[in-house]
Structure formats: structure tokens, C-alpha cells
Amino acid sequence: MKLDAIDLKLVALLQKNCKQTTKELADQLTLSTTAVYERIKKLEKQQIITDYVAVVNKDKINRSFMAISHVKIKSHSKDAIIQFEKKIHQIPEVLECFHVSGEYDYILKIGVADMEAYREFMLSKLTTMEEVQSTHSMFVIQEVKSLKTYPIL
């Protein structure tokens, strides 16, 4: 599906605030509410819009300690990769996981309450996984840029 300028503007408006009514969006796009509704349904059907979420303040939910962990796995077999990724999906402290090239196999973004919680996470969850060979952790001093949306260029 090729997105036209109106679709792109609609996606940008929804990323900024997905709680806007169809009427509010229609007013901003100078379209009818029916046209906007149909465009949104088309964007959802084509999986351009895949979900609607609330962004929470991590400090308010006791998850402000951020760590980045590089993970090297023991085996690169298909089964080992599938098992590791399946286990990672079950760990709520892992906010993001990237399978990468280079010296390490995965990069994890981990959010916990504090250093003690991170230590417990490492000792009881990550390093107990049989697929994990080694890890290397870094701790976030300050979050300089963290986008919650994809800029529409």
C-alpha cells in the first residue's frame, strides 16, 4: 500500500495523540469523519498501524534504572536462537531485545527499580539461561533521546 500525504499526516497525528476522536482528526485533515474512519481502518488492515498504547512514566512505576546488556549465546543453531528468544519474551524486565551482528548476539534494554534489582535479574534470570555464554552490561546515566514514535519524513 502506498501512503499518500494525507495518510502520512494521519499517522503522525495518531502517533502524537491516538485518543483524538475521528471528528477531531477530520477537522485537522479537512476531511469527513467517514473518510478518516475508513483511512484508519485501511491503515490498521494493512498493519501500518499495529497497536495503540499508553506511554507511562517509568519513574512512577519504579522502573527508572536502565541497563543495556550485550549477550553472547553458546550456540547459533536455529533451536538455540528460538529458545533464547522465547525465554526473553517471558521476562518483563527486558523492555527491548535486538538480534545483532558483531561480537555479541543480542542487545537487551532492561528496566528495573535499582542496581540491587538489576543484580537479582542477572543472577536469577539472564545468566541462568542455558543458552547464555556471557554478558556485558552498561548502565544508563541519562536518557538523552528516546522516541516513542517514528518520525514521518
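Residues numbered from 1 in each chain as written. Predicted model: local features only at pLDDT ≥ 70, side-chain atom pairs only at ≥ 80, totals over all residues. Heavy atoms only, no water.

**Student:** How should the pattern of salt bridges be read in this particular structure?
**Tutor:** If the charged atoms of two oppositely charged side chains come close together, the side chains can form a pair. Across all of its chains, the model carries nine salt bridges by this definition. Across the pair Asp7 and Arg39 runs a salt bridge whose closest N-O atoms are separated by 2.7 Å. Here Arg39 lies in helix α3 (residues 33-45) and Asp7 lies in helix α1 (residues 5-16), a separation of 32 residues in the sequence. With relative accessibility at 1%, the residue Asp7 sits in the buried group. Across the pair Lys42 and Asp7 runs a salt bridge, and its minimum N-O distance is 3.8 Å. With Lys42 in helix α3 and Asp7 in helix α1, this pair connects stretches of sequence that are 35 residues apart. Residue classification places Lys42 among the partly exposed positions, given a relative accessible area of 35%. A cluster of three or more residues bridged by salt bridges with shared partners is formed by Asp4, Asp7, Arg39 and Lys42. (Salt bridge = Lys/Arg side-chain N within 4 Å of Asp/Glu carboxyl O. Helix = DSSP H or I, 4+ residues; strand = E, 2+ residues; numbered from the N terminus. Buried < 20%, exposed > 50% of the residue type's maximum accessible area, 1.4 Å probe, protein only.)

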